[in-house]
Amino acid sequence: YTFNITWIDESIDDVWLIFDGVTYTDLTQEGNTYSKTLTDLSVGEYSYTWYANDTVGNGEDTGTLSFTINQESTTLTLTALPSWTETYGAETAVNCSVDNAEVVSHLYRDGIEVSIPDIQTLGADTYDYVCNASATQNYSAPAEQQNTLTINKAGTTTNLYLNGNENNVTITYPQQSNAAAVTNN
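None of the values given here were measured: they were computed from a predicted structure.

J.: Explain the overall build of the protein to me, please; I cannot follow it from the model alone.
T.: Counting its secondary structure elements, the protein contains 0 helices and 18 strands. C-alpha extents for the protein along the principal axes are approximately 130 × 30 × 15 Å. Restricting the contact set of the protein to residue pairs at least 6 apart, pairs at least 24 apart contribute 56%.

Given below as structure tokens:
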């Protein structure tokens, strides 16, 4: 954040800034403009005053000015790969992310905190996911994100084999037969 002032006085001798109670005399000067860059200011309201003296002893100041830094907003994103609806046996990756490095997100599956991302091969059921985060000094609390992961039952196929043949077979008593069933999911 750079603060500057232009003093119109041919005989300016000394300029300083008092920012939130701290006096700064190490100003940058370009012609009649004086500036000071301050870094690492956090959210809040600050007060400051510029002062100047000229070579004949006259003093001047701006009076107290204010400067406000507001919290930035944060956006949460809740995603599931490959999708929010899958079939049993599919691995899913549910992720909860924020758009800045200061806010820490949390991911919950059915009310229990899980790692981010939550990579699982879950059983057939529905799973409620919640992604949230708290405000920090510089960022507001984002809106909570929710979604439901649905894992559907896998379809099964059963094939019946008679005497090793999947087709209809005709046998005559007392001929023996061998029956086998194979189930695939």
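Past the structure itself, the notes keep going.
J.: Is there a simple way to think about the pairing of strand β1 (residues 2–6) in this case?
T.: Each regular strand carries side chains that alternate between the two faces of the sheet. Burial along β1 is one-sided: the residues F3 and I5 are buried and none of T2, N4 and T6 is. The pairing of β1 with strand β5 (residues 33–37) spans 5 bridges and is classified as antiparallel. Residue T2 lies in a different strand from β5, and its bridge partner there is T37.

J.: In this structure, what is going on with the pattern of salt bridges? I would like to understand it.
T.: When the charged atoms of two side chains with opposite charge come close together, those side chains can pair. Tallied over the full model, the rule gives 2 salt bridges. Close ionic contact of R109 with D118 constitutes a salt bridge, the shortest N to O distance being 3.0 Å. Take R109 and D118: they sit in the same class, and that class is buried.

J.: Help me out: how do you make sense of the side chain of R109 in this one?
T.: As for its position among the elements, R109 is in strand β12 (residues 105–109). At 3.0 Å, the side chain of R109 forms a polar contact with the side chain of D118. Apart from residues no more than four positions distant in its own chain, R109 is found in contact with V114, D118, Q120, L122, Y127, D128 and Y129.

J.: When you look at the sheet that holds strand β13 (residues 112–114) in this model, what are you seeing that I'm missing?
T.: Sheet strands associate in pairs through backbone hydrogen bonding, adopting either a parallel or an antiparallel arrangement. Here we have 5 strands laid out as an open sheet, ordered β10-β16-β15-β12-β13, and mixed in their pairing. Only two strands of the sheet have a single partner each, and these edge strands are β10 (85–87) and β13. Averaged over all pairs of adjacent strands, the angle between their axes in this sheet comes to 30°, without regard to strand direction. Alignment of β10 against strand β16 (residues 145–152), held across 3 bridges, turns out to be parallel. Residue pairing for β16: E86 is matched across the bridge by I151.

J.: What is the right way to read the pairing of strand β6 (residues 44–54) from this model?
T.: Bridge count for strand β2 (residues 12–19) against β6 is 7 bridges, and the pairing is antiparallel. Across the sheet, D14 pairs through a bridge with N53, a residue of β6. In this sheet, strand β8 (residues 65–69) lies alongside β6 in antiparallel orientation, the contact comprising 5 bridges. Bridge pairing in β8 links Y48 to L65. Where β6 meets strand β7 (residues 59–61), 3 bridges bridge the pair, whose relative direction is antiparallel. Paired with Y51 across the strands is D61, a residue of β7. Counted between consecutive antiparallel strands, the loop separating β6 from β7 contains 4 residues, among which G57 sits at a positive phi close to 90°.

Thresholds applied
- Residues numbered from 1 in each chain as written.
- Predicted model: local features only at pLDDT ≥ 70, side-chain atom pairs only at ≥ 80, totals over all residues.
- Heavy atoms only, no water.
- Helix = DSSP H or I, 4+ residues; strand = E, 2+ residues; numbered from the N terminus.
- Contact = heavy atoms within 4.5 Å.
- Buried < 20%, exposed > 50% of the residue type's maximum accessible area, 1.4 Å probe, protein only.
- Pairing = 2+ DSSP bridges.
- Salt bridge = Lys/Arg side-chain N within 4 Å of Asp/Glu carboxyl O.
- Polar contact = N/O pair within 3.5 Å; in protein donor to acceptor, adjacent residues only side chain to side chain.
- Axes fitted to C-alpha atoms, helices over the stretch in contact; angles between N-to-C directions.

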